[in-house]
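# Structural overview
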Amino acid sequence: MVAASDTPDGYVGRFAPSPSGPLHDGSLAAAMASYLDARAHSGRWLLRVEDIDAPRTVPGADRVIMGQLEALGMHWDAPPTWQSLRLSRYQSVFDRLLEQGLVYGCACTRKQLAAGAYPGTCSKGLAPGQRPRAWRVRMPQGAERFQDRWLGPQCQDVAREVGDFIIRRADGLWAYQFVVVIDDGDQGVTDVVRGADLLDSTARQRVLARLLGLQAPRVMHVPLVLDEAGHKLSKQNHAPPLDSRNAPAALEKAWRHLGFDPLPPLAGVADFWAEAVPRWAARFNI
Ligand code: GLU
C-alpha cells in the first residue's frame, strides 16, 4: 500500500479491473488512458483487482489480465492489491459510519422501490419486526460540483437524484461505490482515469470520500468503446478478448479510439509508449 507520505505531491493513478474476464478493446482504452496519464505525470500506476463482487469474479481472470498488461508493456509500480483481501478494513470503516449514525439498515425489497432516487423510506428506522436487508449511507443535501479533465464541469445533486445509496448489499457483499472510495483513499490515489460509464458514480464517490475524511481524486472519464449496436463493450455482452499476440495493433486501436492520430510505424510495445506518452502530455498540458 502506498502511504500518502511516500508521494508528497506525487501523482498516483490506478487501473482497477473487475476480474470477470480478460481485457477487451473497451477495458484496454480505459487502462491505456490511465497509464498514459500516470507516465505523462512521471507518476506511479497501481493495479487493483476489484474482485469484491464474488459471484461475478472468474477464477484466474486476474492473472490473465496481468499477463495481458505485461504483454502490452504496461507495468505497475507496486504489488497489486485485491479487494477480497481487504474485507476487515471495509468492515471497520462501515462500523465507524454506523457509530456516527451515517448509515442505516434498509428493509425495502427491489420490488418495493420505484425507479429513481431512493425516497428515504427506512431512513428514520425500521418498524418492529423488520430486518435490514441492505445498508445505506445518508447523503447530505446539495449539489456536488467537480471538474472532469475530459468532459469539463459536472454537477449532480446526489441526495435528490440518487438518494441514500447502498454500501452493503442485501447479499451481504460490500458495494463497489463504498470500497472504491476506501481503496482510492488508502492507496493515496490522486487521479482516476476510467471509462465514461463511471462518470455517473463520481459525485456519489466524492460525497462519500468527504464523509470519510478522504481527499477525492481528480477524475477523467474517457469515451467508451461501443459495439456495432451502440452498446458498451463489456464482458457481460461477450466482447472478444484482446489478441495479445499482436500487442502493437491492439495498442494502436485503443490509441485511435482515444482520438489521436496514427503513430509512426512501431517496432514494438516499448516504442508505442515512447511515442504516445509525450503526445498525451501535450494534449492535456501536462
Ligand atoms: N472495477 C470497475 C470496472 O471494471 C472500475 C472501477 C473504477 O475504475 O473506479 O468497471
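Look up a bit, the structure's there.
Notes on the structure follow. Each chain has its residues counted from 1, running along the sequence as written. In view of the model being predicted, local features appear only for residues whose pLDDT reaches at least 70, and side-chain atom pairs are presented and counted only at 80 or more, with totals across whole chains, interfaces and linings using the full set of residues. To obtain the side-chain values, all non-hydrogen atoms of the structure were included, while hydrogens and water were left out.

## Brief notes about the overall build of the protein chain
Note the cut-off: Under the DSSP-based scheme used, a helix requires at least four consecutive residues in state H or I and a strand at least two consecutive residues in state E, with every element numbered from the N terminus. We compute the radius of gyration over the C-alpha atoms and compare it with the globule rule, which gives 2.2 Å times the number of residues raised to the power 0.38. Using a 1.4 Å probe on the protein chains alone, a residue whose accessible area is under 20% of its type maximum counts as buried, one over 50% counts as exposed, and one in between counts as partly exposed. For the area figures, the Shrake-Rupley method with a 1.4 Å probe applies, and any residue is considered shielded solely by the protein chains shown.
Of regular secondary structure, the protein chain possesses eight helices and 10 strands. Rg of the C-alpha trace for the protein chain: 20 Å, near the compact-globule value of 19 Å for 286 residues, within the 12% margin. Taken across its 286 residues, the protein chain has 49% of its residues classed as buried. As displayed, the protein chain offers around 13,900 Å² of accessible surface, 53% of which is attributable to carbon and sulfur atoms.

## Quick look at the pattern of salt bridges
Worth spelling out the cut-off: Salt-bridge detection follows one rule: a side-chain nitrogen of Lys or Arg within 4 Å of a carboxyl oxygen of Asp or Glu.
A complete count under the given rule lists 22 salt bridges for this structure. Residue Asp53 is joined to Arg169 by a salt bridge in which the shortest nitrogen-to-oxygen separation is 3.4 Å. One end of the pair, Asp53, is in the loop between strand S2 (44–49) and helix H2 (61–71); the other, Arg169, is in the loop between strand S8 (165–168) and helix H5 (176–186), with 116 residues separating them in the sequence. The class of Asp53 is buried, set by a relative accessible area of 16%. Arg169 gets classed as partly exposed once you look at its relative accessible area, which sits at 25%.

## With respect to the site of the ligand
Note the cut-off: Near, as used in this document, describes a residue that has one of its heavy atoms within 4 Å of the molecule or strand being considered. We define a polar contact as two N or O atoms separated by no more than 3.5 Å, with the added condition that, inside protein, one atom must be a possible hydrogen donor and the other a possible acceptor, whereas residues neighbouring each other in sequence contribute only through side-chain atom pairs. In this analysis, the protein atoms alone were mapped onto a 1 Å grid. Cavities are point sets where a 1.4 Å probe fits without being able to get out; pockets are open sets with protein on both sides within 12 Å along at least five of seven lines; lining residues have an atom within 4 Å of a point. Throughout, a molecule is located in a cavity or pocket provided that more than half of its atoms lie within 2 Å of its grid points. Under this grouping Gly is polar, as are all residues other than the nonpolar Ala, Val, Leu, Ile, Met, Phe, Trp, Tyr, Cys and Pro and the charged Asp, Glu, Lys and Arg.
As a structural note, the neighbourhood of the ligand is formed by Arg14, Ala16, Pro17, Ser18, Glu50, Tyr176, Val180, Arg194 and Leu198. Measuring from an oxygen atom of the ligand, one finds a side-chain N or O atom of Arg14 at 2.6 Å. The separation between an oxygen atom of the ligand and a polar side-chain atom of Tyr176 is 2.8 Å. Relative to its unbound accessible surface of 300 Å², the ligand loses 79% to contact with the protein. In a pocket analysis with a 2 Å cut-off to the grid points, the ligand is assigned to the largest pocket. By residue class, the composition of the shell around the ligand is five nonpolar, one polar and three charged.

## Quick word on the packing of aromatic side chains
To be explicit about the condition: Stacked, tilted and edge-to-face pairs are distinguished by plane angle, under 30 degrees for stacked and over 60 for edge-to-face with tilted covering the rest, among Phe, Tyr and Trp rings (Trp via its six-membered ring) whose centres lie within 6.5 Å.
The full count for this structure, using the stated rule, is 12 aromatic pairs. Plain terms: the ring middles of Tyr35 and Trp273 are 4.7 Å apart, the flat faces sit at 70° to each other, and that makes the pair edge-to-face. Here Tyr35, found in helix H1 (residues 25–40), pairs with Trp273, found in helix H8 (residues 269–283); they are 238 residues apart in sequence, far enough to count as distant. What makes Tyr35 buried here is its relative accessible area of 5%. Seen from their ring centres, Phe94 and Trp135 are 5.6 Å apart, and the 90° between their planes marks the pair as edge-to-face.

## What to know about helix H3 (residues 87–99)
Where we set the bar: Helix span, as expected, comes to 1.5 Å for every residue beyond the first. The arc refers to the directions leading from the helix axis to the C-beta atoms.
Between its terminal C-alpha atoms H3 stretches 18 Å, which fits the 18 Å expected from 13 residues at 1.5 Å a residue. Of the residues making up H3, those classed as buried are Tyr90, Val93, Phe94 and Leu97. Down the axis, H3 shows its buried residues gathered within 100° of arc, on one side only. Away from its buried face by more than 90 degrees, H3 exposes Ser88 and Glu99.

## Here's the deal with the layout of surface pockets
Our working definition: Grid points are joined across faces, edges and corners, and a volume is the space filled by probe spheres set on the points.
Here the largest pocket is characterised by a volume of approximately 840 Å³. Considering the residues around the largest pocket, the lining is formed by 37 residues, among which Ala16, Ser18, Asp197, Leu198 and Lys232 are closest to the centre. For the lining of the largest pocket, the elements supplying multiple residues, two or more each, are strand S1 (12–15), H1, H5 and strand S9 (191–195). Classifying every residue of the lining of the largest pocket by side-chain character gives 18 nonpolar, 10 polar and nine charged. The computed volume of the second largest pocket comes to approximately 610 Å³. Around the second largest pocket sit 24 residues that line it, and Arg110, Leu113, Ala134, Arg136 and Ile166 are the ones nearest its centre. At the level of elements, strand S5 (134–137), S8 and H5 are the ones that each hand at least two residues to the lining of the second largest pocket. Its residues assigned to classes, the lining of the second largest pocket comprises 14 nonpolar, three polar and seven charged.

## Here we look at the packing of H3 against H5
Relative orientation and spacing of two packed helices are given, respectively, by the angle between their axes and the distance between those axes. Rules: All axes here are fitted lines through C-alpha atoms, helices being fitted over the stretch that makes contact, and every angle between N-to-C directions spans 0 to 180 degrees. Every angle not falling under 35 degrees, over 145, or within 65 to 115 is termed oblique; those three ranges are roughly parallel, roughly antiparallel and roughly perpendicular. Note on definitions: a residue-residue contact is assigned when non-hydrogen atoms from the two residues lie within 4.5 Å.
Contact geometry for H3 and H5: axes closest at 11 Å, N-to-C directions at 105°. As judged from the angle between their axes, H3 and H5 are roughly perpendicular. Contacts from Arg89, Tyr90, Val93, Phe94 and Leu97 of H3 reach H5 at Phe178, Val179, Ile182, Asp183 and Asp186. The class makeup of the residues in the contact of H3 with H5 is seven nonpolar, no polar and three charged.

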